[in-house]
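Each chain is listed here by its residues.
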Amino acid sequence: MIIIMSVRSIQYSVLVCHLLAIISATCSSSVGSSNIMCLESERRALLQFKQGLVDESNVLASWESKKDCCEWREIACNNQTGHVITLNLSFNYSDDYIPAKALLRGEIDPSLLELRYLNYLDLSFNDFRGIMIPKFIGSLIRLKELKLSRANFSGPVPPQLGNLSNLHTLDLGGNFDVSFESLEWLSHLSSLRYLDISFTDLSGNRNWQQSFSKLTSVIELQLSGCDLGVNLRSLSSINSSASFQVLDLSSNSLNSLIFYWIANVSSSNLVHIGLGENDLQGPIPDVFTNMASLKFLDLSFNQLEGGIPKSFQSLCSLESLFFAINQFSQNIEDSIKILSCADSTLKNLDLSFNQFWGSLWLDLTSFTKVEFLSLSQNQLNGSLPESMGQLSSLEVLDLSGNSLNGVITEAHFLNLSCLQSLDVSDNPALSINLSSYWNPPFQLNDLNMSSCKVGPAFPKWIQTQRNLAELSINNAGILDSLPEKFLDQFSGLEVLDLSLNQIHGKLPNFSTSLLTYVNLSSNLFSGALPSFPPTIEYLVLSENMLSGPLSSLCATQAPDFRFLDLSVNLLSGELPNCWMQFPEGK
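These figures come from a predicted structure and were not determined experimentally.

A. Representation of the nonpolar core in the model. Among the nonpolar cores identified, the biggest contains 162 residues, and Phe212 and Phe312 are the most heavily contacted of them. Among the secondary structure elements, those contributing two or more residues to this core are α2 (40-51), β2 (75-77), β3 (84-88), α4 (208-213), α5 (258-264), α6 (332-338), β24 (403-408) and β26 (430-432). When residues of this core are assigned to their parent elements, the largest contribution, 4 residues, is made by α5. Beyond its immediate stretch of four places on either side in the chain, Phe212 contacts Leu183, Leu186, Leu195, Ile197, Leu202, Leu221, Leu223, Ala242, Phe244 and Trp261.

B. The sheet that holds strand β32 (residues 524-527), seen in detail. In space, the 4 strands of this open sheet follow the order β30-β32-β34-β36, with parallel pairing throughout. Strands with a single pairing partner mark the edges of an open sheet, and in this sheet they are β30 (504-506) and β36 (570-571). Note that β30 and β32 share 3 bridges and pair parallel. Its bridge partner lying in β32, His504 is registered against Leu524.

C. Broad picture of the sheet that holds strand β16 (residues 303-306). Reading across the sheet, the 3 strands line up as β14-β16-β18 and stay open at both edges, with parallel pairing between neighbours. The sheet is open, and its two edges are formed by β14 (281-283) and β18 (327-328), each paired on a single side. When β14 meets β16, the two strands line up parallel, connected through 3 bridges. Paired with Gly282 across the two strands is Leu304, which belongs to β16.

D. Spotlight on the pattern of salt bridges. Per the stated rule, a full pass over the model turns up 11 salt bridges. Note that Glu56 and Arg105 form a salt bridge whose closest N and O atoms lie 3.1 Å from each other. One end of the pair, Glu56, is in the loop between β1 (53-54) and α3 (62-65); the other, Arg105, is in strand β4 (residues 105-106), and 49 residues separate them in sequence. The class for Glu56 is partly exposed, based on a relative accessible area of 45%. For the salt bridge of Glu537 with Arg562, the shortest nitrogen-to-oxygen distance reads 4.0 Å.

What counts, and where the lines are drawn
- Residues numbered from 1 in each chain as written.
- Predicted model: local features only at pLDDT ≥ 70, side-chain atom pairs only at ≥ 80, totals over all residues.
- Heavy atoms only, no water.
- Core = buried A, V, L, I, M, F, W, Y, C linked by side-chain atoms within 4.5 Å.
- Buried < 20%, exposed > 50% of the residue type's maximum accessible area, 1.4 Å probe, protein only.
- Helix = DSSP H or I, 4+ residues; strand = E, 2+ residues; numbered from the N terminus.
- Contact = heavy atoms within 4.5 Å.
- Pairing = 2+ DSSP bridges.
- Salt bridge = Lys/Arg side-chain N within 4 Å of Asp/Glu carboxyl O.

The structure is reproduced here in C-alpha cells:
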C-alpha cells in the first residue's frame with residue numbers, strides 16, 4: 001500500500017511539474033513579456049546601420065527615442081532571447097502617413113552581420129540608387145526570407161547568396177539593372193520555395209533552362225521580363241527534377257519550344273503558367289493533357305493560331321484563361337464546349353482581339369462563377385443569348401467590336417447584380433431597348449454603348465448608376481436633350497463622350513464635377529459656354545451651335561488642361577487675355 005501511494009505521489013508530482021513547465025513556457029513566449037530586451041551589441045549594430053541610410057522623412061525616429069530596440073519600428077525580436085530576428089524596412093505604399101520621399105537610400109552597412117539570428121530581411125521598394133547588393137548578406141546564414149525587390153540595386157548578384165541554405169524566400173524582382181553572371185549558386189539553396197528575379201537581366205545565361213530545372217524545392221518561380229529570349233533546342237531531353245506550381249515566363253521573347261520545357265518540369269503540379277508577351281507562334285501544342293491542376297494560364301500578346309485545343313478538355317480546375325491579342329480563329333461554340341469541364345470553376349475568360357467567329361447564341365448558364373468575360377474585337381455575330389443574364393457572378397462584360405445584332409432587353413441583365421463594367425460598343429446592328437424607367441440590379445463603374453442603336457431617346461435609366469466613372473454613348477442615334485441636372489447624379493464621373501449624336505439644349509454645369517475628358521462634339525448643343533472643373537484635361541465641343549464669348553474659360557482654373565477644340569460653332573468676341581493661364585493647352 002505504501003509502495004502504491006509512493007508511485008501515485010511520484011506520478012502526481014511529475015504531472016504538476018509538467019503543467020508548471022507548460023505554464024512557464026507559455027508565459028515566457030508571450031508577446032506581452034516585458035522583461036526581455038534586445039542585446040546591446042545588436043542595438044549598436046542597428047544604429048550603425050541607420051547611420052549609413054538617408055532617412056529624409058525620419059521614418060526611423062523611434063530608433064533614437066527608445067532604448068529597447070525590440071520596440072523600434074520595423075524590428076521584431078525573439079521573445080525569449082531578445083535577439084533581433086526581423087528587419088523590415090520595405091516602403092509600404094498603403095501607409096498614407098508616409099510621403100514619397102520616405103524611400104530610404106544610402107549604404108547598407110555590414111554591421112548587420114552582428115544580427116546573427118536575423119531570419120527576415122526586407123529592404124524592398126526603396127531607392128538605393130544603383131548600389132550593388134552587398135556580398136556580406138550571404139553570411140547572414142539564418143535568413144529564411146530575403147526581399148530586396150524594386151529597391152534600385154544594380155550590378156551582378158553576389159553568388160555568396162548561395163550560402164543561405166535556410167532561405168525559403170528570395171525576392172530580387174524589379175531591379176532592372178541587376179544581372180546574373182551565373183545561376184549555378186541557386187541550386188545550393190536547398191530550402192528555397194519562392195524565387196522572384198523578374199525584371200532582372202539574365203541575358204548572359206543561355207543555359208537558364210537547365211539551371212532552373214535543378215531547383216528541386218522551388219514551388220513558385222517568377223521570371224517575367226528577364227531577357228530569356230534564346231533559340232531553344234532539344235528542351236525535351238533535359239532531365240528535370242523541378243516541382244514548380246507557379247511559373248511566370250512572360251515578357252521574354254520566348255518561342256513556342258518553351259511549351260515543351262514547361263511540360264517537362266512537373267506538368268502535373270503546375271497551377272499557374274504565365275507566358276504572355278512572348279513570341280509564341282503557330283497552334284498551341286498538345287502539352288496540357290496532364291495539367292489537371294492548372295488554374296491560371298496566360299498566353300496573351302503572342303502570335304498563336306488555331307483555336308483552343310481539345311487537350312484543354314482535361315483542365316477541369318481552370319479559373320483564369322487569358323488568350324487576348326493573338327491570331328486564334330475558331331468557332332466560338334466549339335471553344336466554349338472545350339472549356340465546359342471548367343464551367344464550375346472558370347472566373348476569368350479573355351478571348352479578345354482574335355478572330356473567333358460564329359453565333360454567340362449559346363447556353364452559358366453552367367458557367368456560374370464567371371466574373372470577367374471579354375470577347376471583344378472578334379468576328380462574332382447573331383443576337384445575345386438571354387442566358388447571359390443568369391451569370392450572377394459577372395463583374396465585367398466586354399462584347400465590343402463584333403457584328404452582334406438583335407435587341408438587348410432587361411432580360412439580358414436579370415441577375416447581373418455584381419456587374420461593374422459593360423461594353424457593347426462598335427456593334428452597329430445591335431439595338432439597346434431598355435425602358436427609361438428600368439431600375440437595373442447593378443451599379444456600373446464603366447458603361448460604353450457607342451456605335452450601337454441606343455436612341456432616339458436618351459436612356460434615362462443611366463441616372464440610376466451613381467458610381468459611373470466613364471460614360472461613352474457616342475454615335476448612338478440619340479435625338480434628345482440631356483436630363484435635367486444630368487451631371488448631379490454622377491459625383492465620380494471622369495470621362496464623358498456623347499459625341500456624334502443630335503443632342504440639343506444647353507450644356508450642363510460642369511464646374512463641380514471631376515471630369516478630366518469631355519467630348520460632346522458633333523451635336524446640336526446651343527447657348528453659352530459654361531464653367532469647367534479644375535480637373536479638366538481634354539475638352540472637345542466642336543461642331544455644335546454654341547454662341548457668345550469665350551470669357552467663361554477664364555473662370556476655369558485647370559492646371560492640367562491640355563486640349564481644347566471649339567471649332568465650327570457660333571462663338572464670338574476676341575480670345576481672352578487669360579488664355580496664357582493654360583500652359584499645357586493646345
